[in-house]
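# A structural walkthrough
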Amino acid sequence: EFRGCHSVTPMDTSLKVPVTALKFSGKALIAGEGPFVKLFDVQKGDLQCRQLVLPGRRIRGFSLASTDHAGNRLLALFGQNDMRIAELADNGKHLHVIGEVVQFPDWILDAQWLHDSSESIAASDHSCETISAPAFIAVATAHNQVTLWNWEDQRAAVLIKCEVHCILYSFRFHGFQSESLWAAAGTVFHDILLWPVSATEIKAKTAARLQGHEGVIFSIQFSSSGDMLCSASDDRSIRLWNIASILRDRKSTETLSSIHNTGIDEFRFELFFF
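What this report covers is the structure whose coordinates are included nearby. Numbering of residues begins from 1 in every chain and follows the order in which that chain's sequence is written. Where local features are concerned, this predicted model is filtered to residues with pLDDT of at least 70; where side-chain atom pairs are given and counted, the filter is 80 or more; whole-chain, interface and lining totals use all residues. Side-chain measures here rest on the full set of heavy atoms in the structure, leaving out hydrogens and waters.

## Re unusual backbone geometry
Non-glycine residue Asp90 carries a positive phi angle of around 55°. We note that Gln154 has phi near 55°; this positive angle belongs to a residue other than glycine. Each helix is a run of H or I in the DSSP string that is no shorter than four residues. Each strand is a run of E no shorter than two, and both are numbered from the N terminus. Residue position: Gln154 is located in the loop between β11 (145-150) and β12 (155-162). For the exposure calls, accessible area comes from a 1.4 Å probe over protein chains only, and a residue counts as buried if that area is under 20% of its type's maximum, exposed if over 50%, partly exposed in between. Residue class for Gln154 comes out partly exposed when judged on its relative accessible area of 35%.

## Things to note about the side chain of Lys38
As for its placement among the helices and strands, Lys38 is situated in strand β3 (residues 36-41). Distance and chemistry together define a polar contact, namely a pair of N or O atoms within 3.5 Å, with one atom able to donate a hydrogen and the other to accept it when in protein, and with adjacent residues in sequence counting only for side-chain atoms on both sides. A polar contact of 3.1 Å, which involves the side chain of Lys38, links it to the side chain of Glu33. Whether two residues are in contact is decided by their heavy atoms, any of which lying within 4.5 Å being enough. Setting aside its immediate chain neighbours within four residues, Lys38 contacts Leu29, Ile30, Ala31, Glu33, Leu47, Cys49 and Arg50.

## Things to note about the environment of Gln154
For the pair Gln154 and Val102, spaced 52 residues apart in sequence, the C-alpha to C-alpha distance is 7.9 Å. With near-sequence residues (within four places) excluded, Gln154 lies in contact with Glu100, Val102 and Trp149. A polar contact is formed between the side chain of Gln154 and the backbone oxygen of Trp151, at a distance of 2.6 Å.

## A word on the side chain of Arg172
Residue position: Arg172 is located in strand β13 (residues 168-174). A distance of 2.8 Å separates the side chain of Arg172 from the backbone oxygen of Ile220, its partner in a polar contact.

## Some details on the sheet that holds strand β7 (residues 82-89)
By this definition, two strands are paired if DSSP reports at least two bridges between them. Strand order in the open sheet formed by 4 strands is β5-β6-β7-β8, and the pairing between neighbours is antiparallel. The outermost strands of the open sheet, each flanked by one partner alone, are β5 (61-67) and β8 (94-103). Each strand axis lies, on average, 20° off the axis of its neighbour in the sheet, ignoring direction. For β5 and strand β6 (residues 73-79), the ladder comprises 5 bridges, and the chain directions are antiparallel. To obtain an axis, a line is fitted to C-alpha atoms, over the contacting stretch when the element is a helix, and the angle between two such axes runs from 0 to 180 degrees between their N-to-C directions.

## Focus: the sheet that holds strand β9 (residues 108-114)
Hydrogen bonds along the backbone pair up the strands of a sheet, which may run parallel or antiparallel. Taken in spatial order, the 5 strands line up as β9-β10-β11-β12-β16 in an open sheet, and their pairing is mixed. Of all the strands in the sheet, the pair left with one neighbour each is β9 and β16 (203-204). Bridge count between β11 and β12: 6 bridges; the pairing is antiparallel. Bridged to Asn150 within β12 is Arg155.

## What about the nonpolar core?
Counting residues in hydrophobic clusters, the biggest one holds 19 residues, and the most contacted among them are Ala138, Val146, Phe171, Phe173, Trp195 and Val197. Looking at this core, the elements with two or more residues in it are β10 (136-141), β11, β12, β13, β14 (181-187) and β15 (192-197). Excluding anything up to four places from it in sequence, Val197 contacts Val146, Ile160, Phe173, Ser178, Leu181, Trp182 and Ala183. Joining through side-chain atoms within 4.5 Å is the link that ties buried Ala, Val, Leu, Ile, Met, Phe, Trp, Tyr and Cys residues into a set, and such a set is a nonpolar core.

Written as structure tokens, this is what we have:
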């Protein structure tokens with residue numbers, strides 16, 4: 001008997017952390033919870049796998065490559081300035097980590113697998129495509145720069161900088177080949193910069209500047225065709241932009257529609273086109 005001690009009621013001591021990233025892959029749902037990745041069967045609702053991937057970090061995003069001939073998919077996971085590559089196997093039931101954690105000099109905002117220009121990509125999430133594994137992944141960081149990363153050799157191939165060097169709150173790639181890759185960068189100055197990402201131009205020129213928001217840009221999403229762009233800001237508005245006409249006419253103020261909300265304190269979420 002230990003004097004001075006009180007009885008303790010058993011409690012649930014499991015770690016509970018917020019879900020900071022989500023991605024669908026066929027019938028599987030990939031969730032980032034702190035440094036862990038969880039795989040769920042969407043139809044059954046069952047947890048298939050739980051694995052520690054980014055120790056000491058919170059996973060902020062996923063990028064999926066196309067399905068290979070064995071039915072597996074490469075997956076890039078990133079959080080803060082760390083990235084790691086894994087393989088999604090058995091239709092989303094298992095996750096196999098490939099290599100060590102790669103640390104970039106700046107915070108990672110988005111990543112995109114790049115395929116050979118001779119291969120045609122039809123689906124925006126590659127869910128039905130079966131082509132060879134990509135050699136590079138484009139990694140966007142918080143000062144409006146893109147690194148073309150050779151994931152097999154674990155080295156940077158090219159560093160591309162936009163002519164506008166500023167701090168970003170959001171970033172989105174569009175395209176699956178280095179010859180046709182575009183960037184949308186949401187700045188702290190309330191605007192969105194559109195610029196082409198090309199391995200042959202290490203200093204890229206801005207193609208258009210989208211203005212209209214009155215707050216920091218927290219989320220950006222391209223339509224599958226790349227003709228439209230949707231943006232969300234902490235001014236509590238969502239704006240839909242006609243990118244095709246903006247790039248053609250070099251105008252920066254054409255907003256198709258705007259949704260404004262004043263009933264919530266924070267306006268941070270992921271945007272999707274359907």
